[in-house]
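Summary of the model geometry
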Amino acid sequence: MDGILEKAAVRRFIDAADSLGVKGQINILADTARTAIDAANGLGIEVGQIASSLIFKLPSGNPLLIITSGRHRVDTDLVAKNLNIAELGRADANYVKEVSGYSVGGVSPIGWITTPEITLIDEALNDYEVVWAASGHPHAVYPTTYNELITCTDAKPMVVGD
C-alpha cells in the first residue's frame, strides 16, 4: 500500500479537502474499496455508511454526481423524473476519468477536474453519524458526515433509491 498518498488523484483529493476544511483523514485499506460492500467490510461498518460517488450523463452531456448510500441502488427512473429529464445516461470508465479525474472505484465526491452540472446526495446517508467516501484511490477512504458532504459539494438532498 506504499505510495498511495503520493498518487496524483489522491493529492488532488487532499488539496480539495484541505481547501474545504474537511476534518476526516484518509484511511488506507488493505483490501480494495471498489464496491460499497468491500469498503464496509474493510472498515467493519454497515454498508449503508459508504457514500458512493456515482456518475451519470445528463442530456446536456455534462456529469451528474449522485452521492449515494451503499445500502441500495440508484433508481435512475426516479432520479430522472425528479430532475424533470427523460433519462440518465450511463457513464463508462473513460467518461468518469475524463470528468472527475478519478478512476472508477476511487471516485471522491470532491476534487473533481470538472464541476458536475448537478450533484445530488442520498437522504439515506443522513441516517448515519459518520459516513465514508473514496479519496481518489480504490484503497483510500475518509470519514465524513452527511452535512459536510452537502457543504463541500453543494449537493441537493434527494431520495435516490429504496
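Each remark here, short or long, concerns the structure printed above.
Scoring rules and cut-offs
- Residue numbers here run from 1 along each chain, matching the order of that chain's written sequence.
- Note on the predicted model: pLDDT of at least 70 is required for a residue's local features to be given, and 80 or more for side-chain atom pairs to be given and counted; whole-chain, interface and lining totals, by contrast, use all residues.
- The side-chain quantities take in all heavy atoms of the structure and omit both hydrogens and water.
- Residues belong to a common nonpolar core when they are buried Ala, Val, Leu, Ile, Met, Phe, Trp, Tyr or Cys residues joined through side-chain atoms within 4.5 Å.
- Type-normalised accessible area, obtained with a 1.4 Å probe on protein chains alone, sets the label of each residue: buried when under 20%, exposed when over 50%, and partly exposed for intermediate values.
- Every helix listed is a DSSP run of H or I at least four residues long, and every strand listed is a run of E at least two residues long, numbered separately from the N terminus.
- Patch membership requires over 30% relative accessible area and the absence of a salt bridge. Like charges are linked within 9 Å, and nonpolar side chains (Val, Leu, Ile, Met, Phe, Trp, Tyr) within 5 Å.
- All accessible areas in this document rest on Shrake-Rupley with a 1.4 Å probe, and a residue is counted as covered only by the protein chains that are shown.
- Put simply, a salt bridge is a Lys or Arg side-chain nitrogen that is within 4 Å of an Asp or Glu carboxyl oxygen.
- Counting rule for charge: Lys and Arg are taken as positive, Asp and Glu as negative, and neither His nor the chain ends is counted.
- To locate a charge, the coordinates of NZ of Lys, CZ of Arg, CG of Asp or CD of Glu are taken.
- When two rings of Phe, Tyr or Trp (its six-membered ring) have centres within 6.5 Å they constitute a pair, described as stacked for plane angles under 30 degrees, edge-to-face for angles over 60, and tilted for the intermediate range.
- Consider the ring centre and the ring normal. A charge sits over the ring if Lys NZ or Arg CZ is within 6 Å of that centre and within 35 degrees of that normal.
- Polar contact is the term for a pair of N or O atoms within 3.5 Å; when the atoms are in protein, one must be able to donate a hydrogen and the other to accept it, and sequence-neighboring residues count only if both atoms are side-chain atoms.
- Residue contacts follow a heavy-atom distance rule, with two residues in contact if any of their heavy atoms lie within 4.5 Å.

**Considerations on the nonpolar core**
One finds Phe 13 and Ile 110 to be the most contacted residues of the largest nonpolar core, which totals 31 residues. Elements supplying a minimum of two residues to this core: helix H1 (8-20), strand S2 (50-57), strand S3 (63-69), helix H4 (93-100), strand S6 (131-137), strand S7 (140-144) and helix H5 (146-153). The dominant element in this core, judged by the number of residues it contributes, is H1, at 6 residues. Core analysis: the next-biggest nonpolar cluster, separate from the first, contains 12 residues, Phe 56, Leu 120, Met 158 and Val 160 among them.

**Remarks on a negative patch on the surface**
Judged by side-chain charge, Asp 75, Asp 77, Glu 87 and Asp 162 come together as a negatively charged surface patch. With respect to the helices and strands, the residue Glu 87 is situated in the loop between helix H3 (76-82) and strand S4 (89-90).

**Considering the packing of aromatic side chains**
Under the definition given, this model contains 1 aromatic pair. Seen in terms of ring centroids, Phe 13 and Tyr 142 are 4.7 Å apart; in terms of plane orientation they differ by 45 degrees. Their pairing is tilted. Here Phe 13 is found in helix H1, whereas its partner Tyr 142 is found in strand S7, with 129 residues between them in sequence. Each of the two residues, Phe 13 as well as Tyr 142, counts as buried. In this structure, Lys 57 is placed above the aromatic ring of Tyr 95, and the distance from its NZ or CZ to the ring centre is 4.7 Å.

**What about the side chain of Ser 135?**
Note that Ser 135 resides in strand S6. Taking the relative accessible area as the measure of exposure, Ser 135 reaches 0% and is therefore buried. A polar atom in the side chain of Ser 135 sits 3.4 Å from the backbone nitrogen of Val 141. Not counting residues up to four positions away in its chain, the partners in contact with Ser 135 are Val 10, Phe 13, Ile 26, Gly 106, Ser 108, Ala 140, Val 141 and Tyr 142.

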